[in-house]
Each structure stands twice: as structure tokens, then as C-alpha cells.
Amino acid sequence: MTESLVQDPASLASSCESLRAHAWMALDTEFMRTRTYYARLCLVQVATPEQIACVDTIALPTIEPLLEVIYAPHTLKVIHAARQDLEVFADIRGAPPAPVFDTQLAASLCGYDDQIGYGALVESITGHKLPKLHTRADWETRPLPPDQLHYAEDDVRYLRDVYQFLAQKLEALGRIDWLREECAALTDPGLYRNDPREAWRRLKQGQSLPLAAQTLLRELAAWRELTAQQHNLPRGWVVADTALVEIALVAPTSLEVLGRIAGIGGSTARKWGEQILQVVQRGLGLKPERLWEEPQRLDRRQQALYEQLQARARAVAEQMKISATLLAPRRELLKLIAGDGSGSLARGWRRRLIGEELLQLCGNPPVAATT
């Protein structure tokens, strides 16, 4: 077995050649995004049964050979809690790599806690207790301290054993197809497209605003998202959420009024003030729309039905030794009650396990077979 920090093109080529010979690889990333919109990839850790390599993406002129391996459709990428790692790669290439085996999802389908952390899973399966010394490390600093590099290696070192254990258990339980469905959804490119026109959905405070302010907030959120992308700045460094909501409420028409809003200091007003006022002017000319739906309140009949569905989901989840929230989240039960057959309970393994039964309880016909 070799363990190395890959910092030159020749070593990268050698590592990639070794990786190509395997059907799967353990994969992890270290990145920083405290001062940027897009994450700065600092380190990529990969492992096979014979190899561990930490690829220094800062030192190398390009990691394209590694990306070619990671994006190879015949190579399974084993990642724990993969969403953030996939987002980093999607920012680089426009779509996440696939196929993926997410060990956190796999563990949840094997009866572990839904959000089990990597360290807890490693300890449960291998008995090894990982240190937590570098969970908030600065991965941009070079050279990497030896203990920090060892910590990075551990992120894939034990992932190999975790993967093999969980894969065997899923096969024995007959649930490997369940995981494939979950991971296929996780690698949907649509999950990673930050469309500025959809940025308003991130703002939870908009629900209580008047319709005209909701409409204006949508325009402001779109402007902020696009500005953050173009300048590679965190959203909050452009304008904070609370200030954006206040701008939508006040609808300022002058820099003086804008500057009086909490969170809009002199530098913000000078840098973005004119653009914000243009967005406000444009937004005020639009027809007011309700964007945030009113919270769904169940009447007495619906509440009784919800409790019936929830009780049945809990019973099935207990029988299958998985969590009820994994099997049938509240939002998915509410969709069924509302007659919405587009949710996760209406397709795939959830449909086969419990979805048709729940739809019948709601007075709807069984769902047609879907993947």
C-alpha cells in the first residue's frame, strides 16, 4: 500500500493510472468557501484497496486527469454525506460525477441513524475512533502539517471498510436497489444549479411579507445571487438576508433612504446602491405575486388522516428497522393528503414498500408502477 501527497503532474498521472484499474474508489474533498461564492477545492482524497492518495489541487497546475477518473461512468464513487462534495465538482464541471455510493444514505437504509456522521459510522463498523482535531482546519495553508494530512487520509482510509460492510449488508437485506435510487436522485444535475431566478426560495423570511414586497424580494434575491456569482463572493457579503428583506419592505427610491436600512453600511451603499435602486424600481413595476405558500393547516379530518398515515409509516419503518422519517417524511405525507402524487412516496422503493397503501388510505387509486 502506498500513501502519498500528490503535488506534481507525474505523480498525479501515476495515481490516476492506478485508480483506473478499480471498479470503485473512496472519495473525499477538503475545500474552503468562507470568502467566496464558489468553494475553493484544496485537497482531493482518493483510495482503493491498494492505494491512498491526497491530491494537492492548490499545488498542481491542473487536476483534469483526476477529474477524468472521477467522472468515469464505470467507476463507483464512494462518498460519505456526498451532497457538498458533489456540489464542489458540479461547480467545476457543471454536473456532479456519477454513479455514487453515499455511505450515510447506505447506513440509514441499514438501520443506522439518518444523519450518522463519518466518525461514528467508522467506529461502529471498524471499532476505530477517529480524532476530531482538524474539523475546522485551514486547508489552503501550505505546507500541510503532517497530522493534518494524516487526518485527511483517514477520511478515505476507513471509508473503504465502511463501504464494503454496508454494500454486503444492503445486498443481504435486498436493499441495494433502494440505495441506487437514492443516489441517482443525489446526482441529478438539477440539484446543483443555482438559478438566480430561484434564489428567493432560500429566504425563509419572505412568507410574512405583503405580496408586493414578496415580488420585490424575488427580484432582489435574483440580483444578489447573480452578483455573488459574478464576483465570487458569499451572498451575505453582497447583502445580508435580513437587509435584503428590509429593502423589499421599505422599497427605497434614494441612496439616502437605502443607507438608513440596518445592514446597509456606507460601503455597501457605495458599491451596490445604484444597482439595488434599479432593481427596486423594476420590481415596483411588476404585478404583486404570492411566492411563499401559506403554511398548510390541516382540518380535523385531514389531521386524523395524517395521524393514521404516520402510524402506519412508523409501523412499517419499525418492521424494516429504518427510521420513519427516512421512509415517510412529514412533507411527503402532506403531499399525499393534498392529492399530490408526485412525491417520493409515489415512486421507487417507497411506493413498493408503503406508497400504494398510503394512497389508498387517502382515497386515491394505487400509483402506476414507476422507477
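Before any of the text, the structure's been laid out above.
Below, the structure is looked at part by part. Not measured: the values here are computed from a predicted model.

### Digging into the pairing of strand β3 (residues 40-48)
Then, number 1: Along β3, 8 of the 9 residues are buried, which leaves the element largely enclosed by surrounding structure.
Then, number 2: Sheet topology note: the strand β2 (residues 24-32)/β3 ladder contains 7 bridges and is antiparallel. Its bridge partner being in β3, Glu 30 is matched across the sheet by Leu 43.
Then, number 3: Relative to strand β4 (residues 51-56), β3 is paired through 6 bridges, and the arrangement is antiparallel. Following the sheet pairing, Gln 45 is matched in β4 by Cys 54.
Then, number 4: Adjacent in sequence and paired antiparallel, β3 and β4 are bridged by 2 residues.

### Structural notes on the pattern of salt bridges
Then, number 1: Applying the stated criterion to the full structure yields 25 salt bridges.
Then, number 2: Across the pair Glu 140 and Arg 40 runs a salt bridge, and its minimum N-O distance is 3.1 Å. Here the residue Glu 140 occupies a position in the loop between α5 (118-126) and α6 (146-157), and Arg 40 occupies one in strand β3, the gap between them amounting to 100 residues.
Then, number 3: One continuous salt-bridge network, built from bridges that share partners, spans Arg 197, Arg 218, Glu 219, Arg 282 and Glu 289.

### Let's talk about the packing of aromatic side chains
Then, number 1: Inspection of every chain in the model, using the stated rule, returns 7 aromatic pairs.
Then, number 2: Taking 4.2 Å as the distance between ring centres and 15 degrees as the angle between the ring planes, the aromatic pair formed by Trp 178 and Trp 349 counts as stacked. Of this pair, Trp 178 sits in helix α8 (residues 176-186) while Trp 349 sits in helix α17 (residues 348-361); the two residues are 171 residues apart in sequence, bridging distant segments of the chain.
Then, number 3: Residue classification places Trp 178 among the buried residues on the basis of a relative accessible area of 9%.
Then, number 4: Taking relative accessible area as the criterion, Trp 349 reaches 1% and is therefore assigned buried.
Then, number 5: Connected via pairs of aromatic rings, a cluster forms that spans Trp 24, Phe 101 and Tyr 163.
Then, number 6: The positively charged end of Arg 93 is found above the aromatic ring belonging to Tyr 71, 4.8 Å away from the centroid.
Then, number 7: One residue, Arg 330, lies across the ring of Tyr 306, its end atom 4.9 Å from the ring centre.

### Notes on helix α13 (residues 266-284)
Then, number 1: Maximum bend of α13: about 65 degrees, positioned at Trp 272.
Then, number 2: Taken residue by residue, α13 has Thr 268, Ala 269, Trp 272, Gly 273, Ile 276, Leu 277, Val 279, Val 280 and Gly 283 as its buried positions.

### Some points on unusual backbone geometry
Then, number 1: In this structure, Pro 99 follows Ala 98 across a cis peptide bond, with omega equal to -5 degrees.
Then, number 2: Summarising the element assignment, Pro 99 is placed in the loop between α3 (83-93) and β6 (100-102).
Then, number 3: Of note, the bond from Arg 142 into Pro 143 is cis; its omega dihedral lies within 30 degrees of zero at 0 degrees.
Then, number 4: Looking at where Pro 143 falls in the secondary structure, it is placed in the loop between α5 and α6.
Then, number 5: One non-glycine residue, Ala 81, adopts positive backbone phi at about 50 degrees.
Then, number 6: By secondary structure assignment, the location of Ala 81 is in the loop between β5 (76-79) and α3.
Then, number 7: Looking at Ala 81, the relative accessible area reads 31%, which means it is partly exposed.
Then, number 8: Look at Lys 321: it is not a glycine, yet its phi comes out positive at around 60 degrees.
Then, number 9: Checked against the element boundaries, Lys 321 lands in the loop between α14 (300-320) and α15 (324-327).

Definitions and cut-offs
Residues numbered from 1 in each chain as written. Predicted model: local features only at pLDDT ≥ 70, side-chain atom pairs only at ≥ 80, totals over all residues. Heavy atoms only, no water. Buried < 20%, exposed > 50% of the residue type's maximum accessible area, 1.4 Å probe, protein only. Helix = DSSP H or I, 4+ residues; strand = E, 2+ residues; numbered from the N terminus. Pairing = 2+ DSSP bridges. Salt bridge = Lys/Arg side-chain N within 4 Å of Asp/Glu carboxyl O. Phe/Tyr/Trp six-rings, centres within 6.5 Å; stacked < 30°, edge-to-face > 60°. Lys NZ or Arg CZ within 6 Å of the ring centre and 35° of its normal. Bend = angle between axes of the 7 residues up to and from the residue.

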